[in-house]
Amino acid sequence: SSGAGTFGIAHLSVYSLTKAAIINLSQSLSEEFKGTALRFLTVTPGSTDTAMFRQCFPDDTPHHSPADVAQIIYRASQGELRPNDQLVIDTFYHER
């Protein structure tokens, strides 16, 4: 997902809306599958060096590369990182 799912971003309203929906979907699925082996969480990587980031924020420097985000997802899958009580792993805070 994206930090835009927890804090909306001006001029990116629809993007923010869809990212919030992903967070809520993860929370709902977690409740639906409670008691099973399935686990759900959402990773919000913060500013990541992508074409979209460079286009939307040309004067800003991203904090993560796509490889950094992939590593966070892997670490979360291995249980090395735990989500907060909203089932979100905010990589901006984990990695800063």
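None of the values given here were measured: they were computed from a predicted structure.

A few words on the overall build of the chain. When its secondary structure is counted, the chain shows four helices and two strands. For the chain, the N- to C-terminal ordering of α and β elements is α-β-α-α-β-α. Over its C-alpha trace the chain gives a radius of gyration of 14 Å, about what one expects of a compact globule, namely 12 Å for 96 residues. Each principal axis of the C-alpha distribution contributes one length, and for the chain these read about 45 × 25 × 20 Å. Burial statistics for the chain: of 96 residues in total, 26% are counted as buried.

Moving on, we come to the packing of aromatic side chains. In this structure the tally under the stated criterion is two aromatic pairs. Measuring from centroid to centroid gives 5.8 Å for Phe33 and Phe40, while their planes differ by 40°, and the two rings are tilted. Here Phe53 and Phe57 contribute two aromatic rings whose centre-to-centre distance is 5.3 Å and whose plane-to-plane angle is 40°, an arrangement assigned as tilted. Note on Phe57: relative accessible area 27%, which makes it partly exposed.

Per the counting criterion, the structure on display carries three salt bridges. Residue Lys34 pairs with Glu31 through a salt bridge whose shortest N-O separation is 3.2 Å. Residue class for Glu31 comes out exposed when judged on its relative accessible area of 51%.

Looking now at unusual backbone geometry. The phi dihedral of His11 falls on the positive side, at around 70°, and the residue is not glycine. One non-glycine residue, Leu87, lies in the positive phi region at around 65°. You can see Leu87 is positioned in the loop between helix H3 (66-77) and strand E2 (88-90).

What counts and what doesn't
- Residues numbered from 1 in each chain as written.
- Predicted model: local features only at pLDDT ≥ 70, side-chain atom pairs only at ≥ 80, totals over all residues.
- Heavy atoms only, no water.
- Helix = DSSP H or I, 4+ residues; strand = E, 2+ residues; numbered from the N terminus.
- Rg over C-alpha atoms; globule rule 2.2 N^0.38 Å.
- Buried < 20%, exposed > 50% of the residue type's maximum accessible area, 1.4 Å probe, protein only.
- Phe/Tyr/Trp six-rings, centres within 6.5 Å; stacked < 30°, edge-to-face > 60°.
- Salt bridge = Lys/Arg side-chain N within 4 Å of Asp/Glu carboxyl O.

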